[in-house]
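Spelled out from the first residue to the last, the chains are:
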Amino acid sequence: MKKLNVGVVGCGYWGPNLIRNFRALGDCKLKVICDLDEKRLQHLKNLYPEVEATTNYKHMLENCGLDAVVIATAVRTHHPLAKAALMAGKHVFVEKPLAASVAESQEMNALAREKGLVLMVGHTFLYSAPVRKIKEIVDRGDIGEIRYINARRLNLGLYQKDINVTWDLAPHDISIVQYILDDLPLTVNCQGTAHVTPGIEDVTTLCLNFKKERTAIIQSSWLDPRKVREMTIVGSKRMIVYDDVAPLEKIRIYDARVETPPRYDTFAEFQYAYHYGDMYVPYVKQEEPLKIECQHFIDCINHNRTPLTSGEKGMELVRVLEAASTSLKRGGAPVEFNPQATTRTVVPTANLAIQIKTPAPANGNGNGHANGNGNGNGNGAGHRKNGRGTAIRAAAR
Ligand SMILES: NC(=O)c1ccc[n+]([C@@H]2O[C@H](COP(=O)([O-])OP(=O)(O)OC[C@H]3O[C@@H](n4cnc5c(N)ncnc54)[C@H](O)[C@@H]3O)[C@@H](O)[C@H]2O)c1
């Protein structure tokens, strides 16, 4: 099979991880890298002298014989860069979140469909071994019915100028939650505060409410002294604690639950409703998620498959983010989430009832399905300084 020619645009914090991985894959050739910043470009060129480097994205699209383009630039640029690449007939991989709005996401998906091209979004954690293991455990029914999920993704920085912390960090947790539950929320509410940059919330709590009274609470912060990447999945039979920062035992399964006793007369009897059992740590084979994600993109192109993290999945997530932004503006009021709707209604709280118009969805739908695994490992500002372009393992924020 012919090797696919790949170009990467964006050589900032995250791009170098994609560059390193695509360069290492056997069935594609990293032909060109692109960044407006000449210093960044030169740094990467020094690392990979055989790869062409350009500051001109148009040149990269038109003159380099590319089959696919990988976009690792700021969120507001995802749509124009992806649109140009799709128009030029290239398969596209876009970093998370897919775009800055549902309207942009719809246009990108419609274009990919019309042109018969793969559009994939970088929801990296769905390619991580611990997340895949958790999904396996949940799907086997080992923890019973999921009651709620609590996720915390906290660190100091990296402050973004044009998106708040929900748009920056929560995509990872939203994608994991929706993957594990295999469902979309009914309502979304989000509260937060901008402590440092006016208008850009740096600490937020997002609540996704699913059917059967299931909830997911996602805390995101750029204003915490410790790096925390933790998720607790509470089932009716057992509970899972996933700590992505832990070097070895990332998943712990607790044989713990609370059962309402059929009847009780005394407080002492009521205590029997609590069950404390063993804790065990399942084996998880460590592999770099980003490598699996990059390979998956190439496989989907070669075998005409829909990515696990397709453009449509990317749009679903952007829809959640938009609903979160609406809720934030309304002081945390719940926003109804209807994936098919052209209009979302803010659920009335007290005498608040607002209709929010969103553009009509484009016709048709995203892509197919496939497989993958693995994620990187988060980190804070320190890593950014040290790791630019030279990181050994990808560090998902
Ligand atoms: N999957 C993950 O775990 C993960 C982790 C971190 C960041 N990201 C995502 O990666 C993307 C990039 O984030 P970052 O932190 O690397 O940003 P960054 O600001 O560090 O880097 C972006 C780079 O893009 C370049 N750029 C911008 N517009 C350009 C254009 N038109 N042509 C050429 N170059 C251009 C900039 O000069 C900059 O060097 C974001 O979407 C972010 O959400 C994903």
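Just so we're clear, the structure is a prediction, and the values are computed from it rather than from any experiment.

Caption draft 1: Main features of the environment of Thr124. The topology assignment puts Thr124 in the loop between β6 (119-122) and α6 (129-139). By relative accessible area, which is 1% here, Thr124 ends up buried. Residues Thr124 and Cys294, 170 residues apart in the sequence, show an inter-C-alpha distance of 9.6 Å.

Caption draft 2: How the structure looks around the packing of helix α7 (residues 165-181) against helix α10 (residues 311-329). Packing of α7 against α10 brings their axes to within 10 Å, and their N-to-C directions diverge by 125°. Between α7 and α10, the angle falls in the class oblique. For the pair α7 and α10, the crossing hand works out as right-handed. Residues Thr166, Trp167, Pro171, Ile174, Ser175 and Gln178 of α7 lie in contact with α10, whose contacting residues are Glu316, Leu317, Val318, Val320, Leu321, Glu322, Ala324 and Ser325.

Caption draft 3: Layout of the packing of aromatic side chains. If you walk through the whole model with that rule in mind, you get 5 aromatic pairs. On the numbers, 6.2 Å between centres and 40° between planes, the contact of Tyr13 with Trp14 is tilted. By the burial criterion, Tyr13 is buried, and Trp14 matches it. For the ring pair Phe93 and Phe297, a centre distance of 5.7 Å and an interplane angle of 65° mean the geometry is edge-to-face. Placement of Phe93 in strand β5 (residues 91-95) and of Phe297 in helix α9 (residues 289-302) is noted, with a sequence separation of 204 residues between them. This pair shows no difference in class: Phe93 is buried, exactly as Phe297 is. Chaining the aromatic ring pairs together yields one cluster made of Phe22, Phe93 and Phe297. Over the ring of Tyr179 we find Lys135; its NZ or CZ atom is 5.2 Å from the centre of that ring. When the ring centre of Phe125 is taken as reference, the NZ or CZ atom of Arg153 above it lies at 4.7 Å.

Caption draft 4: A look at unusual backbone geometry. Here the bond from Lys96 into Pro97 is cis, since omega is -15°, no more than 30 degrees from zero. Of note, Pro97 is situated in the loop between β5 and α5 (102-115). A cis amide bond links Gly157 with the next residue in sequence, Leu158, at an omega value of -10°. Although it is not a glycine, Glu213 sits at a positive phi angle of roughly 65°. Mapped onto the elements, Glu213 comes out in the loop between β9 (203-209) and β10 (215-221). One non-glycine residue with positive phi stands out, namely Asn304, at about 55°. Position of Asn304 relative to the elements: it lies in the loop between α9 and α10.

Caption draft 5: Just the packing of α5 against α10, in detail. Interaxial distance between α5 and α10 falls to 9 Å at its minimum, and their mutual angle equals 170°. The orientation of α5 with respect to α10, classified from their angle, is roughly antiparallel. Seen from α5, the contacting residues are Val102, Ser105, Gln106, Asn109 and Arg113; seen from α10, they are Gly311, Glu312, Met315, Val318, Arg319 and Glu322. Of the residues assigned to the contact of α5 with α10, the class counts are 3 nonpolar, 4 polar and 4 charged.

Parameters at a glance
- Residues numbered from 1 in each chain as written.
- Predicted model: local features only at pLDDT ≥ 70, side-chain atom pairs only at ≥ 80, totals over all residues.
- Heavy atoms only, no water.
- Helix = DSSP H or I, 4+ residues; strand = E, 2+ residues; numbered from the N terminus.
- Buried < 20%, exposed > 50% of the residue type's maximum accessible area, 1.4 Å probe, protein only.
- Axes fitted to C-alpha atoms, helices over the stretch in contact; angles between N-to-C directions.
- Parallel < 35°, antiparallel > 145°, perpendicular 65-115°, else oblique.
- Left-handed = near helix turned anticlockwise from the far one by under 90°.
- Contact = heavy atoms within 4.5 Å.
- Phe/Tyr/Trp six-rings, centres within 6.5 Å; stacked < 30°, edge-to-face > 60°.
- Lys NZ or Arg CZ within 6 Å of the ring centre and 35° of its normal.
- Nonpolar A, V, L, I, M, F, W, Y, C, P; charged D, E, K, R; others polar.

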